[in-house]
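Examination of the molecular architecture
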Number of protein chains: 2
Amino acid sequence: MKIAVDAMGGDYAPSQIVEGAVEAATKDRIPVILVGDEKAIKQELAKYPASSIVEVRHASETVGMDEHPANAIRRKTDSSIVVAANLVLAGEAQAMVSAGNTGAAMAVAIFKFGRIRGIDRPAICALLPTMNGKVVLLDAGANVDCTVENLLQFAVMGKEYAERVLKLPNPRIGLLSIGEEPTKGNELTKATNARLRSTPGLNFIGNVEGKDIFRGAADVVVCDGFDGNMVLKVSEGMAEFVLASLKKEIENSLISRLGALLAWQSLKRARSRLDYAEYGGAPLLGVNGICVISHGRSNGRAIQNAIRAAAKAVENDVVGCISTSLQEKDMAWSDNASSKATSLNKQDTIETQGKGSSSPVSQNRE
Amino acid sequence: MKIAVDAMGGDYAPSQIVEGAVEAATKDRIPVILVGDEKAIKQELAKYPASSIVEVRHASETVGMDEHPANAIRRKTDSSIVVAANLVLAGEAQAMVSAGNTGAAMAVAIFKFGRIRGIDRPAICALLPTMNGKVVLLDAGANVDCTVENLLQFAVMGKEYAERVLKLPNPRIGLLSIGEEPTKGNELTKATNARLRSTPGLNFIGNVEGKDIFRGAADVVVCDGFDGNMVLKVSEGMAEFVLASLKKEIENSLISRLGALLAWQSLKRARSRLDYAEYGGAPLLGVNGICVISHGRSNGRAIQNAIRAAAKAVENDVVGCISTSLQEKDMAWSDNASSKATSLNKQDTIETQGKGSSSPVSQNRE
């Protein structure tokens, strides 16, 4: 198994990408191919003693954070992100990781890998911390306007991911809404609640509210990409606000500052629980291949975790499991879902909201 | 000026409601009429030396938290919430406050007071803390599915509230979306962005993201009630999670516990900035009268703040200002918005999501 990593994507590329790749290759023993400007990558690699463990594949172009995703991948055929996908397509790598332009990563994955039969819209699958573990949230920003069918497919994909990769048996699936009763929420959530309840094989526990996510009320939280992205950004903003408020108050008092100094290790540990870098990348589920999208601000640690997530997805055959599950459930019903997309028929979606900032993994790029 | 307070609504009624009323009457010198079971109220009032300052009006019935809002107010004509509204209608009070069944409070306000001409859907207007002050968020849960027109009306109401009550000149109005560019978001936010940009007299600053709310990027954040309620609940959940994580880590180390003890006053102050009780009630804007809805878990402090919010809304003639602003903007266009609702024509809305838990001010009632 090898993981192709877009060395040119992200705010701290290539240095932090290279660092993460070296860490994953040495500490986790995951074979990595760094894709991008060979000279720049090798310059970074030279900083590490074990650098020879990482393969390098040259790509002459780079897709910028603000470039139009579909256009960029059509025109820049030798860009690091396209070449990384090509490596997967050719079987030279089994998964790709990118912290670059999220829309471009999604577009290239859908275009090159195609969608899994039965999936109309691939979804970004984010991991969030809870009081007692982790929760899978999808869609975290790939599809802003969704149908009941889309959300049902997200539930199936989330279940497989939680079961296969996170090793949670019979994961509890919740539908994000306001109010726990099935009749609470908007038109979409009410219709989806009814549909999920009547779908066999899903451990559907009903609606979950925003405050329940972090309490660990569900293992998988299903929602449209607008709300999923909203959850990520609001929670990021609130965490920042709480920590900043604490800091401000503590700085106002000498004795509190002394106290904070004593509690420093604990404060640091608590903070790291909130650090996106610990949760690595977000796989794009629903495509016929593994593409892990990492935060635009990814540091080495985030990239290492994204590479780990990609490796786990490969080892546990997430794509195969989703595909089998859909067939078993006889859910491969959709006419407009094809196993291989031969043209960029999801162009509208990608064009509309594909650029960096509409995705959770790029929430701080501006 | 007098404020009619529903003494029977809320998880801690009547004791905490009475406490808040006494505080507002004595410390803030706001005349209060407590409405509800006379015997129960007087028993509570007896605990306070200055209790005679608060008027009591008997009401023989109570609307429960889980009762169907429209049915409850139709049948229980002598319930505390209906009697409180009647006092406003009769001019004996100038505003009402309730921490009870949110749907019932909304229903009674719309039914009894009617809507302001030009407003199709009244909205719950919540106040949230930011790094440098406060932000007005609306709709915080009254209307789950909204139109562009609805959001435009929310913007006008939010502007008036921020300007008149919070004394923010020319308040910055943001539209909640994912991504800052006008083209980012879902169908509703994209269409609303265009509409807000072309509406004169609004200081529209464009889309704001979830993480920007707490940074104070806007003074007024406009969104549909589903997303507004989501923001409140996710931020509540995240704040809880951050504080619980800190506590857990600190408890694991003796030296950290000592540190936390030293920093205790600062931690407490930071925590109070996050306390809903400090932000009091949320006025239901768009009705021809003042109705402030308070959190179901309201303690005395929250009720006192809700009474203050009601008094400020009266003093600053929020209803009149909204009405004038709509007329000046020639926005009183809507056929289905009438100044006095003679029948419960918003029954569907109220019936669908009116009960306690779909509202921000009742987020912890379950």
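What this report covers is the structure whose coordinates are included nearby. (Residues numbered from 1 in each chain as written. Chains lettered and ligands numbered in written order. Predicted model: local features only at pLDDT ≥ 70, side-chain atom pairs only at ≥ 80, totals over all residues.)

**Some remarks on the overall build of chain A**
Summing up its helical and strand segments, chain A has 14 helices and twelve strands in all. Looking at the 366 residues of chain A, the share that counts as buried comes to 63%. Residue pairs at least 24 apart in sequence account for 74% of intrachain contacts in chain A once pairs closer than 6 positions are excluded. (Helix = DSSP H or I, 4+ residues; strand = E, 2+ residues; numbered from the N terminus. Buried ≥ 20, exposed ≤ 12 C-beta atoms within 10 Å, placed from the backbone. Contact = placed C-beta atoms within 7 Å.)

**Quick look at the environment of G206 of chain B**
Its location among the elements puts G206 of chain B in strand β8 (residues 204-208). When neighbours within four sequence positions are excluded, G206 of chain B is seen to be in contact with G174, L175, E180, P182 and N193 of chain B.

**Remarks on the interface of chain A and chain B**
Taken residue by residue, the interface counts 63 residues in chain A and 63 residues in chain B. Among the secondary structure elements, those contributing two or more residues to the side of chain A that touches chain B are α8 (210-213), α9 (225-251), α10 (254-262), α11 (264-273) and α14 (347-353) of chain A. Among the elements that make up the side of chain A that touches chain B, the one with the highest residue count is α9 of chain A (21 residues). Class assignment for the residues of the side of chain A that touches chain B results in 26 nonpolar, 21 polar and 16 charged. (Nonpolar A, V, L, I, M, F, W, Y, C, P; charged D, E, K, R; others polar.)

**Digging into the environment of R29 of chain B**
Residues and elements named next belong to chain B. Along the polypeptide, R29 turns up in the loop between α1 (15-26) and β2 (32-36). The class of R29 is exposed, set by 9 C-beta atoms lying within 10 Å. The sequence separation of R29 and G91 amounts to 62 residues, and the corresponding C-alpha distance is 19 Å.

**A short note on the sheet that holds strand β11 (residues 291-293) of chain B**
All names here are of chain B. Taken in spatial order, the eleven strands of this open sheet run β3-β2-β1-β4-β11-β10-β5-β6-β9-β7-β8, and their pairing is mixed. The open sheet is flanked by β3 (55-58) and β8, the only strands paired with a single partner. Taking each pair of neighbouring strands and ignoring which way they run, the sheet shows an average axis angle of 30°. One ladder, built from two bridges, connects strand β10 (residues 282-285) with β11; its direction is antiparallel. From the neighbouring strand, P283 faces β11, where its bridge partner is V292. Lying on the sheet, helix α7 (residues 187-197) is in contact with β7 (173-176) and β8; it crosses β8 at an angle near 170°. (Pairing = 2+ DSSP bridges. Axes fitted to C-alpha atoms, helices over the stretch in contact; angles between N-to-C directions.)

**Side note on the relation of the copies chain A and chain B**
You can overlay chain A on chain B at an RMSD of 0.0 Å; the transform is a turn of 180° with a shift of 0.0 Å along its axis. The two molecules are tied by a two-fold rotation axis, judged by turn and shift. If distances are taken from each C-alpha of chain A to the rotation axis, the shortest is found for G259 of chain A, at 1.8 Å. A shared binding surface is used by both copies, with 100% of the interface residues of chain A retained as interface residues in chain B. (Least-squares fit on C-alpha atoms with pLDDT ≥ 70 in both.)

**Considerations on helix α4 (residues 80-89) of chain A**
At 3.6 residues per turn, the α-helix brings residues three or four places apart onto the same side. All names here are of chain A. Burial of α4 is extensive: nine of the ten residues sit out of reach of the surface. All of the buried residues in α4 are S80, I81, V82, V83, A84, A85, N86, L87 and V88. Tucked inside the fold, the buried residues of α4 contact β1 (3-6), β2 (32-36), β3 (55-58), α3 (69-75), β4 (95-98) and α5 (102-113). Directly after α4, the chain includes G91, whose backbone phi takes a positive value near 80°.

**Regarding the sheet that holds strand β10 (residues 220-222) of chain A**
All names here are of chain A. On the basis of which strands lie adjacent, the open sheet formed by five strands has the order β6-β7-β10-β8-β9 and mixed pairing. What marks the edges here is a single partner per strand, and that holds for β6 (126-130) and β9 (204-208). Pairwise comparison of adjacent strand axes, ignoring direction, gives a mean angle of 30° for this sheet. With three bridges connecting them, strand β7 (residues 133-138) and β10 associate as parallel partners. Opposite L138, over in β10, you have V222 as the bridge partner. Seen against the sheet, helix α6 (residues 148-164) touches β7, β8 (173-176) and β10 and runs at an angle of roughly 165° to β10. Across the face of the sheet, helix α7 (residues 187-197) comes into contact with β8 and β9 while running at roughly 170° to β9.

**Quick look at the pairing of β7 of chain A**
The side chains of a regular strand alternate between both faces of the sheet. Residues and elements named next belong to chain A. Sheet topology places β6 next to β7; five bridges connect them, and they run antiparallel. Bridge pairing in β7 places P129 opposite K134. Count of turn residues in the β6/β7 antiparallel hairpin: two residues.

**Some points on helix α6 (residues 148-164) of chain B**
For α6 of chain B, built from 17 residues, the straight-helix expectation of 24 Å at 1.5 Å per residue is met to within 8% by its first-to-last C-alpha distance of 24 Å. Judged by how many residues are buried, α6 of chain B sits mostly within the fold: 13 of 17 residues are covered. (Expected span 1.5 Å × (residues − 1).)

**Brief notes about unusual backbone geometry**
The omega torsion across A13 of chain B and P14 of chain B is -5°, close enough to zero to call that bond cis. With respect to the helices, strands and loops of the structure, P14 of chain B is situated in the loop between β1 (3-6) and α1. The residue after L138 of chain B, namely D139 of chain B, is reached through a cis peptide bond having omega 5°. In this fold, D139 of chain B is placed in the loop between β6 (133-138) and α6. With a phi angle near 60°, K167 of chain A is a residue other than glycine that sits in the positive phi range. Phi at N170 of chain A is positive, roughly 50°, even though this residue is not glycine.

**Here we look at the pairing of β2 of chain B**
Residue and element names in this part refer to chain B. Here β2 lies mainly inside the structure; five of its five residues are buried. Where β1 meets β2, four bridges bridge the pair, whose relative direction is parallel. Bridging across to β2, I3 finds its partner in V32. For the segment spanning β1, α1 and β2, crossover handedness is right-handed. Taken together, the four bridges between β2 and β3 define a ladder with parallel strand orientation. Bridging from a neighbouring strand, I33 pairs with E55 of β3. (Right-handed = clockwise from strand over helix to strand, strands pointing away.)

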